[in-house]
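One-letter residues, chain by chain:
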Amino acid sequence: MDETLDQKLERLQQIQDLFDEVKPEVEGLMNIFVQYSTVSNKVKQLQEFYQQDWMDFYDNLPVAEQDKFEIMGQDALWNLITDHHRIAHRFMRHIVNQITQEE
């Protein structure tokens, strides 16, 4: 059945409203991407410290000094790094799904 003019205009208005809602959100995705890139670079620095230097600090600093730094707890850095890694995988899976659905 063909839509009436009023139905077409109503549908068009719904799509315009959706467009008006989504447009700033899409623009905001760029900010999220920039923020994600910045955080990823910082996490990379933490990971390099964890892989290259953490054990040396752990072995050679007095426990009283280690206790002053949350990162010297055995799991603090590792958990943050793996959380970031897990989130990156979720982003990647979501983006790949979006791309493959568009094809």
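Structure: see above.
Residues numbered from 1 in each chain as written. Predicted model: local features only at pLDDT ≥ 70, side-chain atom pairs only at ≥ 80, totals over all residues. Heavy atoms only, no water.

### Section: the pattern of salt bridges
Note on pairing: side chains with opposite charge can pair once their charged atoms come close. Overall, the coordinates contain two salt bridges when judged by the stated rule. The residue lysine 68 makes a salt bridge to glutamate 65 at a minimum N-O spacing of 3.3 Å. By relative accessible area, which is 33% here, glutamate 65 ends up partly exposed. A salt bridge links arginine 86 to aspartate 83; its shortest N-O distance comes to 3.1 Å. Here arginine 86 pairs with aspartate 83, and both are found in helix H4 (residues 76-102), just three residues apart, close to one helical turn. Owing to a relative accessible area of 44%, arginine 86 belongs among the partly exposed residues under this scheme. (Salt bridge = Lys/Arg side-chain N within 4 Å of Asp/Glu carboxyl O. Buried < 20%, exposed > 50% of the residue type's maximum accessible area, 1.4 Å probe, protein only. Helix = DSSP H or I, 4+ residues; strand = E, 2+ residues; numbered from the N terminus.)

### Some remarks on H4
Look at H4: 39 Å from first C-alpha to last across 27 residues, which is about the 39 Å you get at 1.5 Å a residue. Of the residues making up H4, those classed as buried are Leu77, Ile81, His84 and Ala88. Those residues of H4 that are buried lie in contact with helix H1 (5-52) and helix H2 (54-60). (Expected span 1.5 Å × (residues − 1). Contact = heavy atoms within 4.5 Å.)

### Quick look at a negative patch on the surface
A surface patch of negative charge is lined by Asp17, Asp20, Glu21 and Glu25. Structurally, the position occupied by glutamate 25 is in helix H1. (Patch = residues over 30% accessible without salt bridge, like charges linked within 9 Å, V, L, I, M, F, W, Y side chains within 5 Å. Areas by Shrake-Rupley, 256 points an atom, 1.4 Å probe, with all protein chains shown as cover. Lys, Arg positive; Asp, Glu negative; His and termini not counted. Charge placed at Lys NZ, Arg CZ, Asp CG, Glu CD.)

### A short note on the packing of aromatic side chains
This structure, assessed with the given rule, holds five aromatic pairs. Here tyrosine 36 and phenylalanine 91 contribute two aromatic rings whose centre-to-centre distance is 5.4 Å and whose plane-to-plane angle is 80°, an arrangement assigned as edge-to-face. Of the two residues, tyrosine 36 sits in helix H1 while phenylalanine 91 sits in helix H4, which places them 55 residues apart along the sequence. A connected cluster of aromatic rings, assembled from ring pairs, spans Tyr50, Trp54, Tyr58 and Trp78. (Phe/Tyr/Trp six-rings, centres within 6.5 Å; stacked < 30°, edge-to-face > 60°.)

Keep in mind these values describe shape, not function.
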